[in-house]
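As a plain string of letters, each chain reads:
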Amino acid sequence: ARNSDRRSENFRLAQAEITEFLKQKEHPRLSEARLKLGKLQLVRATQLMGSEPDEKTRSEAAKSYLGASKTFDAIVEDLRGKLKEMATAKAPDPALKSLRDRYRGEFLQAMNSAAESRRLAAGTYPDPVKDGKELLEQALKSFTELSESYGRYAQGAIATLQRGQVEEQLGSKGKALD
């Protein structure tokens with residue numbers, strides 16, 4: 001119990017530190033810090049589900065998974081706008097091209113992580129397919145968009161596998177194997 005309490009306090013402190021850092025609205029590594037916050041929330045939830053969780057722990061894990069998905073969704077929306085602006089730039093200089101590539105990677109990572117967070121949140125229910133069906137369907141929609149629109153990138157290829165896993169979970173074995 002003491003280790004669990006210490007671990008919980010360390011997660012809380014780390015989240016507070018990152019949240020404080022995120023107040024620097026113009027920092028060049030802001031999007032990277034937001035990714036770290038989402039990953040921290042995701043790891044925290046996974047850690048909570050690591051043993052035989054009781055109902056309270058499952059609820060806490062679900063809250064953390066859903067918090068992570070909201071963090072990742074905010075990153076996706078922010079970077080989607082920035083990437084659209086950058087797409088209109090004619091012959092970008094090497095620094096702008098490098099920044100665009102970094103943003104694209106973070107965008108795809110956040111998109112995948114948001115969907116994965118929803119899939120894992122559904123798993124906090126005793127019957128994920130029945131009680132977490134809406135979360136699974138949201139995850140499937142995101143994995144489908146990723147795999148179809150960004151299949152040439154690693155995250156899009158990974159999303160193809162995750163898409164099949166969710167389709168199988170939802171009972172669509174034929175689609176899952178397609």
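The shown structure was predicted, so the numbers you read here are calculated from the model rather than taken from an experiment. (Residues numbered from 1 in each chain as written. Predicted model: local features only at pLDDT ≥ 70, side-chain atom pairs only at ≥ 80, totals over all residues. Heavy atoms only, no water.)

1. Regarding the side chain of R118
Turning to step 1, where the next piece is worked out: Within the secondary structure, R118 sits in helix α4 (residues 94–122).
Turning to step 2, where the next piece is worked out: If near-sequence neighbours (up to four positions away) are discounted, R118 is found in contact with S69, D73, L135, Q138 and A139. (Helix = DSSP H or I, 4+ residues; strand = E, 2+ residues; numbered from the N terminus. Contact = heavy atoms within 4.5 Å.)

2. What about the side chain of E116?
Turning to step 1, where the next piece is worked out: Along the chain, E116 falls in helix α4.
Turning to step 2, where the next piece is worked out: With near-sequence residues (within four places) excluded, E116 lies in contact with F143 and Q162.

3. So, the environment of L22
Turning to step 1, where the next piece is worked out: Residue placement: L22 occurs in the loop between α1 (2–21) and α2 (30–48).
Turning to step 2, where the next piece is worked out: For the pair L22 and R34, spaced 12 residues apart in sequence, the C-alpha to C-alpha distance is 7.2 Å.
Turning to step 3, where the next piece is worked out: What L22 contacts, discounting residues up to four positions off in sequence, is L30, A33, R34 and L37.

4. Some thoughts on the pattern of salt bridges
Turning to step 1, where the next piece is worked out: Taken as a whole, this structure holds 15 salt bridges when the rule is applied.
Turning to step 2, where the next piece is worked out: E20 is the partner of K23 in a salt bridge, and the nearest nitrogen-oxygen pair spans 3.1 Å.
Turning to step 3, where the next piece is worked out: Among the residues examined, K23 registers a relative accessible area of 55% and is labelled exposed.
Turning to step 4, where the next piece is worked out: Accessibility expressed as a relative area gives 47% for E20, which makes it partly exposed.
Turning to step 5, where the next piece is worked out: Among the ionic pairs, D78 bridges to R34, the shortest N-O distance being 2.7 Å. Of this pair, D78 sits in helix α3 (residues 55–87) while R34 sits in helix α2, and the two are 44 residues apart along the sequence. (Salt bridge = Lys/Arg side-chain N within 4 Å of Asp/Glu carboxyl O. Buried < 20%, exposed > 50% of the residue type's maximum accessible area, 1.4 Å probe, protein only.)

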